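# Structural overview for review
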Amino acid sequence: MKSPAPPTAALLSAAAQRLRAGQLREADALLKAVLKQAPRDPDVLTMASSVARQLGRADDAADLIRRAIKQRPNHAPSYNSLGAALRAKRDLVGARAAFERAAALEPDLFDTAYNLGLVLDALGDHTNAVSALKRASALAPQRAEAHEALGSVLVQAGDPEAGLDALRKAEQLRPGSPSIAHNLGLAYEALGDDQRALEAFIQATQRAPGQAVSWSAVGNVSRRLGAYEDAIAAYRRAIELAPQTLKWHQALHETIWQAGQGVDLSSFPYAIQRLPQDAGLRRGFALHLNKVRSHQEAEEQARIALALAPESAESLDVLAQTLVDQKRHEEAVTSFQKAAALARNDMA
């Protein structure tokens, strides 16, 4: 394939400069102009695909790189780029096939081994993900991201000691990384070392104060260690950063109750407003309302939960509890019996 002729070559050079400078929209506009003059040039198509993917246009990115592959059917980096585009489209099966094709054509490409490992992990194939990420780590031993990904997958695969070793290598290569600190916390958690897990999660929040998931992890470990005040503060910070995550609201309320501070119901209405059809959220609200003796409001929430999930034994059980606390025993017995019947059917 011939290189684009001037003035197209000048436009391509300008596009490459914009891309290196992170000026994606300017690069995109220039590449569209180049493609009018050289619509089959694989290098131009590949660059245009990369820019489209980074701009969030995954469909365009996949179409462009497929056009490049037609011109170079055995070009491993192009299949790697196709895999990246398909992963951006959430087509993990297609991405896996593209990365595997790239690996078959050129086994020593770091990017392919690394990306394949990430996709296999996302697909739940931890065994093959570990193999791919070990390959990536061997190909580029100075790349911290490969050791971090390997460590994370090893922990998920049930080998936290090996995962910890890989994560420590990543930390040595990229000290100060909040994600590595968080993953170290997960490894220590899996090993049952809550104190070191807590230290790692706290370090993650110090490195990235806006990382809500690390604050929630601080809350979880602090709660297990009986440090309820610290757990409550951490959950509140996580909710402040990501108020839509309902499990953190639930954890906060349960921890407040464990700490003997009563019940803070302030976040439930906010969460219900966002997810009004969530039966589990309604049940949780009902249980907490019952604890503060707002039995009629609790019954109302329990009945809404039951309307949302009529075959839910859990919702019937919560409703029965609210009726017991109102001394409506006959109605409570009926609800308990229905709940028990549903539970037996689920087990059958």
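### Structural notes on the overall build of the protein
The number of helices and strands found in the protein is 20 helices and 0 strands. Relative to the globule expectation of 20 Å for 348 residues, the C-alpha radius of gyration of the protein, 27 Å, shows a markedly less compact shape. If you line up the protein on its principal axes, its C-alpha atoms span 85 × 40 × 40 Å. For the protein, with 348 residues in total, the buried portion stands at 45%. Expressed as a percentage of contacts within the protein between residues at least 6 apart in sequence, the contacts between residues at least 24 apart total 47%. Total accessible area computed for the protein in this model is approximately 17600 Å², and 50% of it derives from carbon and sulfur atoms. Put simply, the protein has 41 plus and 40 minus side-chain charges, and the middle of one group is 8 Å from the middle of the other.

### Some points on the side chain of Gln-326
Looking at the secondary structure, you find Gln-326 in the loop between helix H19 (313-325) and helix H20 (329-347). At 3.0 Å, the side chain of Gln-326 and the side chain of Glu-299 are in polar contact. Side-chain polar atoms of Gln-326 contact the backbone oxygen of Thr-322, separated by 3.2 Å.

### Some points on unusual backbone geometry
Trans peptide bonds make up most of the peptide bonds, and negative phi angles are found at most residues other than glycine. A positive phi angle is found at Arg-90, which is not glycine, with a value near 65 degrees. Among the secondary structure elements, Arg-90 is positioned in the loop between helix H5 (76-88) and helix H6 (92-105). According to the relative accessible area criterion, Arg-90 is exposed, its value standing at 75%. Non-glycine residue Lys-327 carries a positive phi angle of around 60 degrees. The topology assignment puts Lys-327 in the loop between H19 and H20.

### Concerning the environment of Ala-104
For Ala-104, the location among the structural elements is in helix H6. Among the residues examined, Ala-104 registers a relative accessible area of 58% and is labelled exposed. Counting along the chain gives 82 residues from Ala-104 to Leu-186, while the straight-line C-alpha distance between them is 34 Å.

### Focus on the packing of H6 against helix H7 (residues 110-122)
The geometry of H6 relative to H7 is characterised by a closest axis approach of 9 Å and an angle of 150 degrees between their N-to-C directions. What the angle tells us is that H6 and H7 run roughly antiparallel. Here the hand of the crossing between H6 and H7 comes out left-handed. The residues of H7 that touch H6, namely those facing Leu-92, Ala-95, Arg-96, Phe-99, Glu-100, Ala-102 and Ala-103, are Thr-112, Asn-115, Leu-116, Val-119, Leu-120 and Ala-122. A breakdown of the residues in the contact of H6 with H7 according to their chemical character gives 9 nonpolar, 2 polar and 2 charged.

### So, the packing of helix H3 (residues 42-54) against helix H4 (residues 58-71)
For the pair H3 and H4, interaxial distance at closest approach is 8 Å and the crossing angle is 165 degrees. With respect to their mutual orientation, H3 and H4 come out roughly antiparallel. The handedness of the crossing between H3 and H4 is left-handed. Residues Pro-42, Leu-45, Thr-46, Ala-48, Ser-49, Ala-52 and Arg-53 of H3 lie in contact with H4, whose contacting residues are Asp-60, Ala-61, Leu-64, Ile-65, Arg-67, Ala-68 and Gln-71. Here the residues of the contact of H3 with H4 are counted per class, giving 8 nonpolar, 3 polar and 3 charged.

What counts, and where the lines are drawn
Residues numbered from 1 in each chain as written. Predicted model: local features only at pLDDT ≥ 70, side-chain atom pairs only at ≥ 80, totals over all residues. Heavy atoms only, no water. Helix = DSSP H or I, 4+ residues; strand = E, 2+ residues; numbered from the N terminus. Rg over C-alpha atoms; globule rule 2.2 N^0.38 Å. Buried < 20%, exposed > 50% of the residue type's maximum accessible area, 1.4 Å probe, protein only. Contact = heavy atoms within 4.5 Å. Areas by Shrake-Rupley, 256 points an atom, 1.4 Å probe, with all protein chains shown as cover. Lys, Arg positive; Asp, Glu negative; His and termini not counted. Charge placed at Lys NZ, Arg CZ, Asp CG, Glu CD. Polar contact = N/O pair within 3.5 Å; in protein donor to acceptor, adjacent residues only side chain to side chain. Axes fitted to C-alpha atoms, helices over the stretch in contact; angles between N-to-C directions. Parallel < 35°, antiparallel > 145°, perpendicular 65-115°, else oblique. Left-handed = near helix turned anticlockwise from the far one by under 90°. Nonpolar A, V, L, I, M, F, W, Y, C, P; charged D, E, K, R; others polar.

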